[in-house]
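Examining the three-dimensional arrangement
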Amino acid sequence: MTLPMTVPAPGLPTRVRIHEVGPRDGLQNEKALVPAAVKAEFIHRLAEAGLTTIEATSFVHPKWLPQLADAEELMPLIDDVDARLPVLVPNERGLDRALALGVREIAVFASATESFAKANLNRTVDGALEMFEPVVTKAKDAGAAVRGYLSMCFGDPWEGPVPISQTVSVSRRLLDMGCDEISLGDTIGVATPGHVRELLDTLNEAGVADDRLAVHFHDTYGQALANTLAALEHGVTTVDASAGGLGGCPYAKSATGNLATEDLVWMLDGLGIETGVDIGRLTATSVWMARHLGRPSPSRTVRALSQKEI
Ligand code: MG
């Protein structure tokens, strides 16, 4: 199989933890319902490919997200998976459902902007944070780790560019309420590397260290890997990605959305940065999933490798 030549570059971490979001963030944007057994096989295959954190599903009300309405059916099918398996929970009811199934790690989903908080959560930014506070407290009391997703950290489709101070302020509040980690989401993919550095610098100045941060870039404008490299050079070592680039924009077929895990691993392999991921096994998994979904993976690396030996 074709692999990049390993040539390390200075100023980068030796190891990166990939937070795989394909089964949750990826599949939730897929219209064709994927059976729980296929999701379970997907998650098993991702773990076998070496991914150590795999976001499994969401405990949002089944009415709002039919694709992930089978969380109760799925969790017992993956209880033998050797990986961290966080789940998204929108509220206390979702948390109770997750905890009842033995979930040890959850994520909540906040917004840096009023427009997206209104569109996605039907709340103000403050109202959403107030809703999450008891969820985070209860999860921590139950011994669960909590990740705070923050959407629209760089730009917002209604409001345009998002002031860095605004993203920093909401990040700070998520950490203050007890989140262990914040995932900075470039939900519409408009960030560029200088913007990433500036946001991370300002977060550091506000007392938020890089080891509490993850980055979640979308490749809408082809910037996801450049932004990831900027974040790694800054000192961030947790990167969100989606196997095969699953989770394109729900409004456009095969549009580029989430950074593809294979594209990320190709770059990290070339830089000699350890991830534990076997790119061949991962690509084979994404090709298999693309067949289930009936459309090719938007990942350049999956396409290039699958046209060769795989
Ligand atoms: Mg995403």
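Placed above this text is the structure.
The structure reproduced in this document is the subject of the present report. Everything numeric here is computed off the predicted structure, so don't read it as measured data.

1. A closer look at the sheet that holds strand β9 (residues 181-186)
- The strand order β2-β1-β11-β10-β9-β6-β5-β4-β3 describes an open sheet built from 9 strands, whose pairing is parallel. Looking at which strands have only one partner, the edges of the open sheet turn out to be β2 (53-54) and β3 (57-58).
- Here strand β10 (residues 213-217) runs beside strand β11 (residues 238-241); their pairing, made up of 2 bridges, is parallel. Bridge pairing in β11 links Ala214 to Thr238.
- Helix α9 (residues 224-234) rests against β9, β10 and β11 of the sheet, and its axis sits at about 165° to β10.

2. With respect to the environment of Gly185
- Among the secondary structure elements, Gly185 is positioned in strand β9.
- Gly185 sits in the buried class, given a relative accessible area of 7%.
- Sequence-wise, Gly185 and Leu150 are 35 residues apart; in three dimensions their C-alpha atoms are separated by 5.6 Å.
- Contact partners of Gly185, with chain neighbours within four places excluded, come to Leu150, Ser151, Met152, Cys153, Phe154 and His216.

3. Describing the coordination of the magnesium ion
- Distances from the magnesium ion to its protein donors, Asp25 (OD), His216 (NE2), His218 (NE2) and Asn258 (OD1), fall at 2.1 to 2.2 Å.
- All donor residues of the magnesium ion come from one chain, and their arrangement in sequence is D-x190-H-x1-H-x39-N. Taken as a pair, Asp25 in helix α1 (residues 22-26) and His216 in strand β10 lie far apart in primary sequence, 191 residues in all.

4. Here's the deal with the pattern of salt bridges
- Throughout the structure, instances matching the rule amount to 16 salt bridges.
- A salt bridge links Arg45 to Glu41; its shortest N-O distance comes to 3.7 Å. You can see Arg45 and its partner Glu41 sitting in helix α2 (residues 36-48), 4 residues apart, about one turn around the helix.
- Residue classification places Arg45 among the partly exposed positions, given a relative accessible area of 22%.
- One network of salt bridges, in which partners are shared, links Arg17, Arg147, Glu181 and Asp240.

5. A look at helix α6 (residues 125-141)
- Look at α6: 24 Å from first C-alpha to last across 17 residues, which is about the 24 Å you get at 1.5 Å a residue.
- Of the positions making up α6, those classed as buried are Val125, Gly127, Ala128, Leu129, Met131, Phe132, Val135, Val136 and Ala139.
- Residues of α6 that are buried make contact with α4 (92-100), β5 (105-111), α5 (114-121), β6 (145-151) and α7 (164-176).
- Looking one or two residues beyond α6, the residue adopting positive phi is Gly143, at roughly 85°.

6. Observations regarding the nonpolar core
- If you look at the biggest cluster of nonpolar residues, it comprises 86 residues, and the most contacted ones within it are Ile78, Val87, Val89 and Ile106.
- Per-element tally for this core: the top contributor is α6, with 8 residues.
- Ignoring anything within four residues of it in the chain, the contact list for Val87 reads Ala56, Thr57, Phe59, Met75, Ala98, Val103, Glu105, Ile106 and Ala107.

Calculation rules
- Residues numbered from 1 in each chain as written.
- Predicted model: local features only at pLDDT ≥ 70, side-chain atom pairs only at ≥ 80, totals over all residues.
- Heavy atoms only, no water.
- Pairing = 2+ DSSP bridges.
- Helix = DSSP H or I, 4+ residues; strand = E, 2+ residues; numbered from the N terminus.
- Contact = heavy atoms within 4.5 Å.
- Axes fitted to C-alpha atoms, helices over the stretch in contact; angles between N-to-C directions.
- Buried < 20%, exposed > 50% of the residue type's maximum accessible area, 1.4 Å probe, protein only.
- Donors = N, O, S within 2.8 Å, 3.2 Å for Na, K, Ca; no water.
- Salt bridge = Lys/Arg side-chain N within 4 Å of Asp/Glu carboxyl O.
- Expected span 1.5 Å × (residues − 1).
- Core = buried A, V, L, I, M, F, W, Y, C linked by side-chain atoms within 4.5 Å.

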